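Results of the structural survey
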There are 2 protein chains.
Amino acid sequence: VVQYGVGPIGASIAQLMRQKCAIEICGAIDSDPAKVGRDLGDVVGAGDAPWGIPISDDEPRVLQQAPHVVIHSTSSSLPRVMDQLLACVRAGSCVVSTCEELAYPFRTNPALAEKLDAEAKAHGVAVVGTGVNPGFVMDKLAVTLAAESQRVEQVRISRVVNASNRRLPLQRKIGAGMTPDDFAASAANGTIRHVGLPESVAMIAHYLNLPVEEISEMIEPVIARERVSSDFLTVETGQVAGVHQIARGLSGGRDLVYLELQMYVGAKNPYDRIELQGHPAVSLMIPSGSHGDIATASVVVNSVPAILQAQPGLRTSCDLPIGFLSPTLETLPRWRTR
Amino acid sequence: VVQYGVGPIGASIAQLMRQKCAIEICGAIDSDPAKVGRDLGDVVGAGDAPWGIPISDDEPRVLQQAPHVVIHSTSSSLPRVMDQLLACVRAGSCVVSTCEELAYPFRTNPALAEKLDAEAKAHGVAVVGTGVNPGFVMDKLAVTLAAESQRVEQVRISRVVNASNRRLPLQRKIGAGMTPDDFAASAANGTIRHVGLPESVAMIAHYLNLPVEEISEMIEPVIARERVSSDFLTVETGQVAGVHQIARGLSGGRDLVYLELQMYVGAKNPYDRIELQGHPAVSLMIPSGSHGDIATASVVVNSVPAILQAQPGLRTSCDLPIGFLSPTLETLPRWRTR
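What this report covers is the structure whose coordinates are included nearby. If you're wondering where the values come from, they're calculated on a predicted model, not measured in any experiment.

Of regular secondary structure, chain A possesses twelve helices and 15 strands. Against the 2.2 N^0.38 benchmark of 20 Å for 338 residues, chain A shows a C-alpha radius of gyration of 20 Å, consistent with a compact globule. Dimensions of chain A, computed from C-alpha atoms along their principal axes, come out at roughly 50 × 45 × 35 Å. By residue count, 60% of the 338 residues in chain A fall in the buried class. Within chain A, residue pairs in contact and separated by at least 24 positions form 73% of the contacts whose partners lie at least 6 positions apart. Entry remark: accessible area of chain A is about 12900 Å², with carbon and sulfur atoms responsible for 47%. Here chain A holds 29 positive side-chain charges and 35 negative ones, and the gap between their average locations is 3 Å.

This is how it looks when you write it as C-alpha cells:
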C-alpha cells in the first residue's frame, strides 16, 4: 500500500496500517517540502520510527511500484484531486480516498465521476471515497439499518461532534475562534465548511430509492456562549465555536432526507442519531458519537480487503461489503488482475 | 420467487413480497393439510386476496418452475430442513432461509454446511440463512459497527424483546405461561429455546477474527412478577414469562463475545444494545428494539437482490452487501446463470 498525503488524517491512517499484519506500506507521497525526504514513521510520530520509508514528492516514481492499493488523503475537493486519482488508477492501483466529494460524486460531480469510473474499469481497479462522514455514520449506517424496514419514507440523521480534541486543521475548517462576520465571509466563499453532506444525501436517496429532486445545503455558525479552549486555540464568548450545517434532500418541498451536523469546540453531549420514518419506524443512537479522525482512519483501513475484491470501477462505501481488518489477520484477499 | 413454508413468518414475508413491484410470487409450498389447495393470499389474510397462487405440498412440482429465489421458512433446525434446501438448490434456485441454524453453520453444523456449499456451487446458486436475529441485530450490525474501530477486543450485545405482541408460536417457544418446573424440563430437552445465539457468536468471531475457542450457552426462565397478558395468553405471577439466554464465545475462560437475549411477555423497556470494547470503544443503541417478526420479514425480502448477485455457495448475512428493496423499485438485478 502507498500512502498518498501525509497530513493529520494520512498520518493517522499510516500509523493504523503499520499495526495491521496484513498490510505492508511500500511508499508515501506528499508535496510538503517540510516532509519530503524524511522518513514516514518519523513524520507521523511513530514509536517504532524510522520505518525505512522516505516520503517523496515524485508521484510517478512512487506509483511505478504498482501498489495494490493507494490510500489517498490530500483534499476534500474532487476537481482538485482528479489528476492524483487518475495517476493511481493508471498505475493499476485500487484507491481508497478520504476525499469527501468522492464519496458519492454521481450527482454532485457527474462528469468527473464518469471519467474516473471509465478509467478505473479500463485498468481493472476499484476506487472508493470513504471515511466516517461521509462514508459511514451519516449514510452507510442508515442504509444498513434500513434492512429492518419494509418501507422507508424519510431519513433524519443528526450528528453532534465535539471539536475540542480534534486536529487543528479541522478546528480551523469549522471557523473556531473567528468573529461571526469573518465566518459569514468565509462561509460565503466556501472556505469554512464540512464537505460531504450533499454527497451523503445523494447516496442515501440512491440506495433507499427515495425520489429526491433537489439537494439544499445551509451553514451557520455556532456561537460560543462561554469561553472554551481546545488543545490548540481558545474561543471567546460571542466568537464562533464551529459550524451548524443542514443538508436536505427534497421532493415537492418535503424533506425526504434531512442531515444535521453540528461540529464545534466545547460541544458537551456529542452523539450520532439515525431515524428512519416508515414501517416500522426505527432509530439508532451512538452515545458520545463516532470519533471523527480515529473512525475515519478505521473506516479507510478496514476497507482495504473490500476494495481488493470489489468490481472494477468507481464504487461507493455502500457497495463495499462490511468488514473489519483485524490487526492479527495475516493475509489480505488475493489481488485479482482483471 | 417461491415461498416455501407458510407459517406466521412465511405469511408475513409473502405479504411483504406482494408489496414489492420487483418481485413476482410464482408458487408456495406448505405441508399443512389445512393450507394445501387454498390460495396463498387467502391464507396469509391479504386484503387483495385471492392472488391466484395455490399452496401446494408437491415440492418437486412447484420447484420445477426453477424460481430465481426460494424464500424458505419452515424450521429452526438445519438437519431437519437439509433436504428441503438441497431440493431448492438442485432446482437451480437461490435460497434465503429463516432457518436460524443456517445463519452461520460452519462451526455448529460443519458437515451440513460443507455439503450445502458444495451443492450450491455445483448448481451456480447462492444460499443464505438470515433474519433479524440471527442475521442482523446480534451479529451483522455489530460487524458493521466495527468499521469504526481500529481494534476490537470484546463484543457485548444485549437484546430485550417484549413478546406480548408477537405471534403465538413464538410465545409458546419461549415458554410463556409454563410453570418453572415444566420450563426446566422443556429447556433440558431443547423444545424451549430461541435458536441462533451460538451461530451469532461464531459469526462475530469469524468476521472480527476473535480467537474464540469454545461457545457456551445457557437458558433460564424469566418469572412473571405480576400477572401479564398478551393477545393470546395470560401469564400468572410466578409462572414463566419467557426466556433469558446467554451465549458466550470464550478464550482461556475470558468472554470475547457475550450475547444476552431476554424475550418475555410483559417486557417494559425493550432495546438492542451493541458494545464493542477496543480502540476506540463504540456502542450503539436501538431504543425500543428491533421488532422480531416485522424485521425478519424485512431483512429476508431486502436480501433478495443481494442473493441474486452473490457468489455461488453457502453465504452468510455478513457476506451480502447492505441493501434495501424499495417497494417502488421495478427491476431486480439480472439473474446470472453461472
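Before going further, it helps to spend a moment on the layout of surface pockets. Residue and element names in this part refer to chain A. Taken as a whole, the second largest pocket spans an internal volume of roughly 950 Å³. What lines the second largest pocket is a set of 46 residues, and nearest its centre among them are Thr74, Ser75, Ser76, Glu100 and Lys173. Those elements that place two or more of their residues in the lining of the second largest pocket are helix 1 (8-18), helix 4 (78-90), helix 8 (168-173) and helix 11 (292-302). Partitioning the lining of the second largest pocket into residue classes produces 13 nonpolar, 20 polar and 13 charged.

To continue, consider the side chain of A:Ser97. Residue and element names in this part refer to chain A. Following the sequence through the fold, serine 97 ends up in strand 5 (residues 94-97). Serine 97 gets classed as buried once you look at its relative accessible area, which sits at 0%. Looking at serine 97, its side chain comes within polar contact range of the side chain of histidine 72, at 2.8 Å. Looking at serine 97, its side chain comes within polar contact range of the main-chain nitrogen of cysteine 99, at 3.0 Å. For serine 97, the contacting residues outside a window of four places in its chain are His72, Leu85, Leu102, Val128, Gly129 and Thr130.

Another point: the relation of the copies chain B and chain A. After a rotation of 180 degrees and a shift along the axis of 0.0 Å, chain B superposes on chain A with an RMSD of 0.0 Å. Here the symmetry operator amounts to a two-fold rotation axis. In this assembly, 100% of the residues forming the interface of chain B have copies in chain A that are likewise at the interface, indicating an isologous arrangement.

We now examine the interface of chain B and chain A. As a measure of interface size, the accessible area lost when the parts come together is often cited. Counting residues at the interface gives 45 residues for chain B, matched by 45 residues for chain A. For the pairing of chain B and chain A, the buried interface totals around 3500 Å² over both sides, and the portion due to carbon and sulfur atoms is 61%. Together, B:Gln150, B:Ile322 and B:Phe324 form the three largest contributors to the area buried by chain B at its contact with chain A, with a combined 21%. Counting across the chain B and chain A interface gives zero salt bridges. Between chain B and chain A we count 21 residue pairs in polar contact (both at pLDDT 80 or more) in total. Only helix 7 (140-145), strand 7 (151-162), strand 14 (282-287) and helix 11 (292-302) of chain B provide two or more residues apiece to the side of chain B that touches chain A. Taken together, the residues of the side of chain B that touches chain A break down into 28 nonpolar, twelve polar and five charged.

A separate point is the sheet that holds strand 2 (residues 27-29) of chain B. Residue and element names in this part refer to chain B. With respect to topology, seven strands assemble into an open sheet ordered 3-2-1-4-5-6-15, the strand pairing being parallel. Whereas interior strands pair on both sides, the edge strands pair on one side only; in this sheet they are strand 3 (55-56) and strand 15 (313-315). Helix 6 (residues 110-122) rests against strand 6 (126-129) and strand 15 of the sheet, and its axis sits at about 125 degrees to strand 15.

Okay, the state of the cysteines next. Formally, a disulfide is one covalent bond, and it connects the sulfur atom of one cysteine to the sulfur atom of another. Residues and elements named next belong to chain A. Applying the stated criterion across every chain yields a total of zero disulfides over all chains. Summary of cysteine pairing: cysteine 21 is not part of a disulfide, and the nearest cysteine sulfur, belonging to cysteine 26, is at 17 Å. Among the cysteines around cysteine 99, which has no disulfide bond, cysteine 88 carries the closest sulfur, lying 12 Å off.

Below, the discussion takes up the packing of helix 1 (residues 8-18) of chain B against helix 11 of chain B. Residues and elements named next belong to chain B. One can describe the packing of helix 1 onto helix 11 by two numbers: an axis separation of 9 Å at closest approach and a directional angle of 55 degrees. By the criterion of interaxial angle, the relationship of helix 1 to helix 11 is oblique. In this structure, helix 1 meets helix 11 at a crossing whose hand is right-handed. Contacts between helix 1 and helix 11 pair Ile9, Ser12, Ile13, Leu16 and Met17 from the former with Asp293, Thr296, Ala297, Ser298, Val300 and Val301 from the latter. For the contact of helix 1 with helix 11, the class distribution of residues is seven nonpolar, three polar and one charged.

Counting across every chain of the model gives 28 salt bridges over all chains. Between A:Lys268 and A:Glu226 there is a salt bridge, and its shortest N-O distance comes to 3.1 Å. Of this pair, A:Lys268 sits in the loop between strand 12 (254-264) and strand 13 (271-279) while A:Glu226 sits in the loop between strand 8 (214-223) and strand 9 (228-229), placing them 42 residues apart in sequence. Looking at A:Lys268, the relative accessible area reads 63%, which means it is exposed. B:Glu217 serves as the salt-bridge partner of B:Arg193, at 3.3 Å between the closest nitrogen and oxygen. In this pair, B:Arg193 sits in the loop between helix 9 (180-188) and helix 10 (197-207) while B:Glu217 sits in strand 8 (residues 214-223), placing the two residues 24 residues apart along the sequence. Connected via shared salt-bridge partners are A:Arg90, A:Lys115 and A:Glu119.

The rules we used
Residues numbered from 1 in each chain as written. Chains lettered and ligands numbered in written order. Predicted model: local features only at pLDDT ≥ 70, side-chain atom pairs only at ≥ 80, totals over all residues. Heavy atoms only, no water. Helix = DSSP H or I, 4+ residues; strand = E, 2+ residues; numbered from the N terminus. Rg over C-alpha atoms; globule rule 2.2 N^0.38 Å. Buried < 20%, exposed > 50% of the residue type's maximum accessible area, 1.4 Å probe, protein only. Contact = heavy atoms within 4.5 Å. Areas by Shrake-Rupley, 256 points an atom, 1.4 Å probe, with all protein chains shown as cover. Lys, Arg positive; Asp, Glu negative; His and termini not counted. Charge placed at Lys NZ, Arg CZ, Asp CG, Glu CD. 1 Å grid on protein atoms, 1.4 Å probe; cavity = no way out; pocket = protein on both sides within 12 Å on 5 of 7 lines; lining within 4 Å. Points joined across faces, edges and corners; volume = space filled by probe spheres on them. Nonpolar A, V, L, I, M, F, W, Y, C, P; charged D, E, K, R; others polar. Polar contact = N/O pair within 3.5 Å; in protein donor to acceptor, adjacent residues only side chain to side chain. Least-squares fit on C-alpha atoms with pLDDT ≥ 70 in both. Buried area = accessible area lost by both parts, 1.4 Å probe. Salt bridge = Lys/Arg side-chain N within 4 Å of Asp/Glu carboxyl O. Pairing = 2+ DSSP bridges. Axes fitted to C-alpha atoms, helices over the stretch in contact; angles between N-to-C directions. Disulfide = S-S within 2.5 Å. Parallel < 35°, antiparallel > 145°, perpendicular 65-115°, else oblique. Left-handed = near helix turned anticlockwise from the far one by under 90°.

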